[in-house]
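Close look at the chain arrangement
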Amino acid sequence: MRSRQYGPDLTPPWKRQQPAPEVAAERDLVVEEAGTGFCGAVVRCEKTAEGVTVTLEDRFGKRRVFPLTPRGFLLEGRVVTLVRPSGPAPARGPGVTASGSVAVPGARARVARGSRIYVEGRHDAELVERVWGDDLRIEGVVVEYLEGIDDLPAIVAEFGPGPGRRLGVLVDHLLPGTKEHRIAGRVTGDSVLVVGHPYIDVWQAVKPSSVGIPGWPEVPRGESWKEGVCRRLGWPVDTPAAWKRILASVNSYRDLDPALLGRVEELIDFVTADQSTDRPLA
């Protein structure tokens, strides 16, 4: 017979675990992750393929990503449950774009110019758009992806570079002696600039600390690099989901390696250098 005094739960009230108060994971909130003792300020809170996560950054600049579990954090010594903020994400900063350029309030996208930038793949294009998208729209620069550069000489010939119609190309793993380096040498000229980064894949251009990993793992030659990275990081072997997770960790140029930053800025300067003679995109 059920007790009228206690109901179905016979645990005395003073012994029952009280629910932890919910606290919004707002940027710069300093908390401690209960399981590891890692203490840091909230950098971002986002929905990922694995659920909602929070990224903390300690006073040394080290970042770690944690799931938002109930009673998973300490705030000023009190157990709390972090929740995703309900309001819009805070602005990156007054008057500054994700690339660090001075923002132009109310500026409209410029009509696409004849010059443009080619990158190797969709991931490269999405990363460039995430950081430099605002700048490129104001400059009227279109970014397209090639799906590899084996046919680059024919693509350049079809594009027809010349005065007012410059072409900048960003190439993965552009190192002396490589196939990519030889192809780049065949097309480079006054109106064509080919630059590259040293990474096997543009994933590596994102700082590990921003993704919340200790570093990009080594993958033996012959094994799919992206799948190998997922296995060694303990992620599901699902490269589209992995890329979404990586891209979501990029909020500004600070999340990218300088080797990529310099190359993209160089391409933007190159294709916008002859503005006075620039022709609209055909």
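As a reminder, the structure under discussion sits directly above these lines.
Predicted model only: the values in this text are computed from it and were never measured.

**Things to note about the overall build of the protein chain**
Of regular secondary structure, the protein chain possesses 7 helices and 11 strands. Within the protein chain, the proportion of its 282 residues that are buried is 43%. Residue pairs at least 24 apart in sequence account for 65% of intrachain contacts in the protein chain once pairs closer than 6 positions are excluded. Accessible area for the protein chain stands at about 15,800 Å²; split by element, carbon and sulfur atoms hold 51% of it.

**Concerning the packing of aromatic side chains**
Summed over the entire model, instances satisfying the criterion amount to 6 aromatic pairs. Where Tyr118 meets Phe159, the ring centres are 6.1 Å apart and the plane angle is 70 degrees; that geometry is what we call edge-to-face. With Tyr118 in strand E8 (residues 116–119) and Phe159 in helix H2 (residues 152–159), this pair connects stretches of sequence that are 41 residues apart. A ring pair is formed by Trp203 and Trp225, whose centres lie 6.0 Å apart and whose planes are at 65 degrees; its orientation type is edge-to-face.

**A short note on the pairing of strand E2 (residues 30–33)**
What you see with E2 is a clean split: Val31 and Glu33 sit on the buried side and Val30 and Glu32 on the side with no burial. Where E2 lies against strand E3 (residues 39–48), 3 bridges are found, and the strand directions are antiparallel. Of the residues in E3, the one forming a bridge with Val30 is Ala41. Between E2 and the antiparallel strand that follows it, E3, lie 5 residues; Gly37 among them carries a positive phi value of about 80 degrees. Inspection of the sheet shows E2 paired to strand E6 (residues 73–75) by 2 bridges, in the antiparallel sense. Looking at E6, one finds that Glu32 is bridged to Leu74.

**A word on the sheet that holds strand E7 (residues 78–83)**
Overall, mixed pairing links the 7 strands, which are arranged E1-E7-E6-E2-E3-E4-E5 in an open sheet. In this open sheet, the two strands that pair with only one neighbour each are strand E1 (22–24) and strand E5 (63–67). On average, adjacent strands in this sheet sit at an angle of 50 degrees to one another, irrespective of strand direction. Sheet topology places strand E4 (residues 51–57) next to E5; 5 bridges connect them, and they run antiparallel. Across the sheet, Leu56 pairs through a bridge with Arg64, a residue of E5.

**What about the pairing of E4?**
Pairing analysis gives 7 bridges linking E3 to E4, with the strands arranged antiparallel. The residue bridging Val42 from the neighbouring strand is Leu56, located in E4. Counting the residues between successive antiparallel strands, the hairpin from E3 to E4 contains 2 residues.

**Focus: the packing of H2 against helix H3 (residues 179–187)**
The interhelical angle for the contact between H2 and H3, taken along N-to-C directions, is 25 degrees, at an axis separation of 9 Å. Between H2 and H3, the interaxial angle falls into the category roughly parallel. The hand of the H2/H3 crossing is right-handed. From H2, Leu152, Pro153 and Val156 reach across to H3, where they touch Ile183, Arg186 and Val187. Here the contact of H2 with H3 is built from residues that sort into 5 nonpolar, no polar and 1 charged.

**Brief notes about the pattern of salt bridges**
By the definition in use, this model includes 12 salt bridges. Taking the shortest distance from any N to any O, the salt bridge between Arg44 and Asp255 comes out at 3.6 Å. Taken as a pair, Arg44 in strand E3 and Asp255 in the loop between helix H6 (239–248) and helix H7 (258–271) lie far apart in primary sequence, 211 residues in all. On the basis of relative accessible area, Arg44 is assigned to the buried category, the value being 6%. Here Glu266 and Arg263 are joined by a salt bridge, their closest N and O atoms 3.2 Å apart. Residue Glu266 and its partner Arg263 are located together in helix H7, separated by 3 residues, close to a single helical turn. Note on Arg263: relative accessible area 28%, which makes it partly exposed.

**Describing the nonpolar core**
Membership of the largest hydrophobic core comes to 38 residues, with the highest contact counts inside it found for Leu127, Trp132, Trp203, Trp216, Ile246, Leu256 and Leu260. Secondary structure elements with two or more residues in this core: E8, helix H1 (122–139), strand E11 (192–196), helix H5 (225–233), H6 and H7. It is H7 that provides the largest number of residues to this core, a total of 7 residues. Grouped together as the second largest cluster of nonpolar side chains are 15 residues, Ile149, Val156, Phe159 and Val187 included.

Scoring rules and cut-offs
Each chain has its residues counted from 1, following the order in which its sequence is written. With the structure being a predicted model, the display of local features is reserved for residues of pLDDT at least 70 and the display and counting of side-chain atom pairs for 80 or more, all residues being used for whole-chain, interface and lining totals. In computing side-chain values, all of the structure's heavy atoms are included and hydrogens and water are not. Labels follow the DSSP assignment, with helices taken as runs of H or I lasting at least four residues and strands as runs of E lasting at least two, numbered in each case from the N terminus. Burial classes: relative accessible area under 20% of the type maximum marks a residue as buried, over 50% as exposed, and values in between as partly exposed (1.4 Å probe, protein chains only). In what follows, a contact means two residues having at least one pair of non-hydrogen atoms within 4.5 Å. Computed with a 1.4 Å probe, the accessible areas rest on the Shrake-Rupley method; for each residue, only the protein chains presented here act as cover. Working definition: rings of Phe, Tyr and Trp (its six-membered ring) pair if their centres are within 6.5 Å, and the pair is stacked with planes under 30 degrees apart, edge-to-face with planes over 60 apart, and tilted otherwise. Pairing between two strands is assigned when DSSP locates at least 2 bridges connecting them. Axis angles are defined between N-to-C directions and span 0 to 180 degrees, where every axis is a line fitted to C-alpha atoms and, for a helix, only to the segment in contact. Each angle receives one of four descriptions, namely roughly parallel if under 35 degrees, roughly antiparallel if over 145, roughly perpendicular if within 65 to 115, and oblique otherwise. Handedness of a crossing is defined here by the sense of rotation of the near helix relative to the far one, left-handed for an anticlockwise turn of less than a right angle and right-handed for a clockwise turn. Residue polarity follows a fixed list, in which Ala, Val, Leu, Ile, Met, Phe, Trp, Tyr, Cys and Pro are nonpolar, Asp, Glu, Lys and Arg are charged, and the others, Gly among them, are polar. One side-chain nitrogen of Lys or Arg within 4 Å of one carboxyl oxygen of Asp or Glu is enough to make a salt bridge. In plain words, nonpolar cores are sets of buried Ala, Val, Leu, Ile, Met, Phe, Trp, Tyr and Cys residues tied together by side-chain atoms within 4.5 Å.

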